[in-house]
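Letter by letter, the chains look like this.
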Amino acid sequence: MKQRMKAILMAVVMLFVTVTAPLLQTMSVHAAGDLVLKLHYNREDGNYDDWDVWLWEEGKDGAGFPFAEENGEMVATKVITPGTTSVGFIVRTSSWTKDINEDQFIDISEMVSGTVHIYVQSGVPGYTKEYGEDAVTGVKLTKAKYDGEQCMVIITMTGKPEGNLLNAFSVKGAEGAVAISEVTEGEQFTYHLLLKEPLDLTKNYSVIFDGEEYAIVMPSIYETEDFEKEYTYTGSDLGAVWSSEKTTFRVWAPIAEEVALNLYESGTPETEDLIEQVDMQKDVNGTWIADKEGDLNGTYYTYQVTINGQTTEACDPYARATGVNGKRAMVIDLSSTNPEGWENDANPHAGESYTDAVIYELHVRDLSSDESSGISNTGKYLGIIEEGTTNQAGVSTGLDHIKDLGITHLHLLPCYDYGSVDETKLDKPQFNWGYDPVNYNVPEGSYSTDPYNGEVRVAEMKQMVHGLHNNGISVVMDVVYNHVYNATDFCFNQIVPGYFSRIDEDGKYSNGSGCGNDTASERAMVRKYIVESVKYWADEYHIDGFRFDLVGLIDTQTINEVIEEVHKDHPDVIFYGEGWTLNTTLTKDGYDLATQVNSAMTPDFAYFNDTIRDGMKGNVFDTDTLGFVSGGENFEETISECFLGAAQWCSSPSQTINYASCHDNMTLIDRITRSTPSASREDRIRMNNLAAAIYMNAQGIPFLQAGEEMLRTKQKPGGGFDENSYASPDSVNSLKWDSLNEEEYQDVYNYYKGLIAFRKAHPSLHMTNAEDVAANLSAVEGMEPGVVAFEMKGGANGDSAQGIFFIFNSNNEEKQISLPEGNWNVCINDKKAGTEVLDTVLGTATVAPISALVLVKGDADAAVAEPEGSTNTSSNTVNTPIVVSIVILAVLAIIGGAFVIRKKKK
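The following paragraphs examine the structure supplied in this document. (Residues numbered from 1 in each chain as written. Predicted model: local features only at pLDDT ≥ 70, side-chain atom pairs only at ≥ 80, totals over all residues. Heavy atoms only, no water.)

### Notes on the overall build of the protein
When helices and strands are tallied, the protein shows 18 helices and 45 strands. For 906 residues, the compact-globule estimate of 2.2 N^0.38 gives 29 Å, and the protein sits close to it at 31 Å. Taken over the C-alpha atoms alone, the protein extends approximately 120 × 65 × 55 Å along its principal axes. Residues classed as buried in the protein amount to 58% of the 906 residues present. Relative to all contacts within the protein whose residues are 6 or more apart in sequence, the contacts with residues 24 or more apart total 70%. As presented, the protein carries roughly 35,600 Å² of accessible surface, and 47% of it is formed by carbon and sulfur atoms. One way to put it: in the protein the 65 positive side-chain charges average out to a point 3 Å from where the 136 negative ones average out. (Helix = DSSP H or I, 4+ residues; strand = E, 2+ residues; numbered from the N terminus. Rg over C-alpha atoms; globule rule 2.2 N^0.38 Å. Buried < 20%, exposed > 50% of the residue type's maximum accessible area, 1.4 Å probe, protein only. Contact = heavy atoms within 4.5 Å. Areas by Shrake-Rupley, 256 points an atom, 1.4 Å probe, with all protein chains shown as cover. Lys, Arg positive; Asp, Glu negative; His and termini not counted. Charge placed at Lys NZ, Arg CZ, Asp CG, Glu CD.)

Structure (structure tokens):
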């Protein structure tokens, strides 16, 4: 299959060389001996079960290579593409447990051909290199690019070739040799091959040097005005459009010579159960179409695309359902998958603003994979909506826990079909976060009860959404349009080679994502695909929000078009994502990327606020550093700006996602523990709660990782904290429900629950624009180091409170803070949070060490807390209310006693 794919992709290059630069290098013809890398791996325990090595030529996709015994050693073998100078490697298990937790690179710039042996010792960074007897070292060609304007091929070498330069190189194409008129030398071993005739941009050419053949990277034509004008399809019927009478198939394949439709009985790849092959007819704007009479519901299919005489088979990029592992699409009657009552299903938070949301981030498996969950559908969509589940002690788990916590939106990590879990091996332990897209419009099969039957995953995901809506919870879907699992094998790129992905100036996949490729969202048909995909999830699955992974790689025009189209029918859907600035290569000029600093260009899109995250707990990439809550110095200004919803990059509170932890990096309590080795457990919990109190009360949109409310930790089996658990086992990632049997965990849970209740009760915390914030909320001047305070005016944003006063003290000792005039009701202190009045303060408040104190003035909605074993439920000491003193004085005057009343300071 791989050899067949190489031949196909070579043919594509001959037609449209522009986009195939990354593919060309994987298909170079080896006229001389191959360059072979053999990686020898040694483990002292002698246990090589489940270990292999992930290898990739720099700038290309990687793959796993198994170890096989050779002369008593365990060796993995890879044939290297000519011109490669560096090969990356990770020794790992199938679940991505790494031998060394970093990418390592092997320098082979001196190798021309033959064998190079690399020796790696388990647990030891680096490698030892030895040459085989057949090894040939010397000068080699590393890059060849065609410059059409100057009619030349620009060659980059590792050194200076010997002899006559004109005789050192030759150029050939499919029709034979191409004449070179002159070779000139440039800088740093660069050479210019001046050609007598220009090359045809639709053909494939190569340079031959020292017996090796190297593909020439050709200029791109996908971005040309002529191409986009002729081949941009605007219809809404791509994919398989089903009816009981017939199904119409339409696929965009603008450079194909022939396209056929393969119909299959099953969705299992490699199964020889072809029903029929139907020739498709060329139609408008590069599309191909075929009608098939009869009811095809449940029939699987692929497209067979021929380009320049070579044929490949691919899944439909617009597939709505697939068989196991997403290799074959399935025709589906979507209405048959709707749960009962689906026609009346609706967003339970319709009509609310972005800032009304409280978002809870969860991986589908994490909720149920620990045996303490009491959930029967382990790791499944249906497990999310099981009600009445408890651990053995009777503590609520799963959905009941989430519902009781009070969040509004459940953010689910990727639920589309992804490639890093093998759906045919669900009997074996597997885990992945899922940021590896394969089919964007299909639910992930491993979360269904039957991944082989395409309709099951569709029906069960809808049941999950419906069940959450019925419990008052909106659903956010984590989407990853910025890269794909494997750019070469991605179905869109198989049908239109290289179109979906960006290519850098060296003819390699742009890799700002760090995942091997970046999506070319600025191309017309890629933008159309993304817009229609998001709209499909909102329309068909009733998704209420979308979190865009690495949205800083997607252009602002695409993001705004997504929002505009979705909001036409679903105005309450929320959008947010990671707006980090990343290094990518746009294929067109005139586009801006959806980053934090460009947030004003996407006014209806919110961005994760790493400023408040790092300000609270310390730099995420330097886990020994302190933040405000852990006693770090000089963070007061940062916390103040973010509390006002005004981080330097942010112009509106509706555009900031305030959080302390998410699935990436360490959990909040783990991060605090790592950076405070001498702190007590009690103080670390205080720091955790102080962080929560800050971001839950801040202007913007609060967001928390599942389990943060019960001190979630991710501990490695061998000790230490897991900072990147994307492929770690359930034992690391699962929510440990039995922890809630202990009082300290219940206390933290109730604290978070109270913070959410308080936020919901006060609209002044939900302001949607900077002007309203500036008019109603201000930082209090004159606070000492380690203390920040804020005053909210009464009636802000329709709040019933006459004012709210926020104090956050990160010091190890209590602090006395002067209050504005009047009586202030304590609703949040270091022990409790909520809407009940814990105490009343006049004049001065004493704030406990490492804690928050939030006081409300004249809140008609607040209730007085019932005493629990003592008359003072607040550990933040306060002055005795003046009204009590007046009553006492009146009584004493009546009975004529002469008493001296001393006020005891508590």
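### A short note on the pairing of strand E36 (residues 656-659)
Side chains of E36 alternate between two faces, with Thr 656 and Asn 658 and Ile 657 and Tyr 659 buried alike. Pairing geometry for strand E35 (residues 606-608) and E36, over 2 bridges, is parallel. Across the sheet, the residue bridging to Tyr 607 is Thr 656, located in E36. Note that E36 and strand E37 (residues 701-705) share 3 bridges and pair parallel. Pairing of Asn 658 across the sheet is with Pro 702, part of E37. (Pairing = 2+ DSSP bridges.)

### Considerations on the nonpolar core
Residues Phe 546, Phe 548, Phe 575 and Phe 808 are the most contacted members of the largest nonpolar core, which totals 185 residues. The element contributing the most residues to this core is helix H9 (residues 524-541), with 10 residues. In this structure, Phe 548 is in contact with Val 479, Tyr 481, Val 534, Ile 554, Ile 559, Val 562, Phe 575, Tyr 576, Gly 577, Glu 578 and Phe 605, ignoring residues within four places of it in sequence. (Core = buried A, V, L, I, M, F, W, Y, C linked by side-chain atoms within 4.5 Å.)

### What about helix H16 (residues 743-761)?
Over its 19 residues, H16 runs 27 Å from end to end, which matches the ideal 27 Å to within 8%, given 1.5 Å per residue. Among the residues of H16, Tyr 745, Val 748, Tyr 749, Tyr 751, Tyr 752, Gly 754, Leu 755, Ile 756, Phe 758 and Arg 759 are the ones counted as buried. (Expected span 1.5 Å × (residues − 1).)

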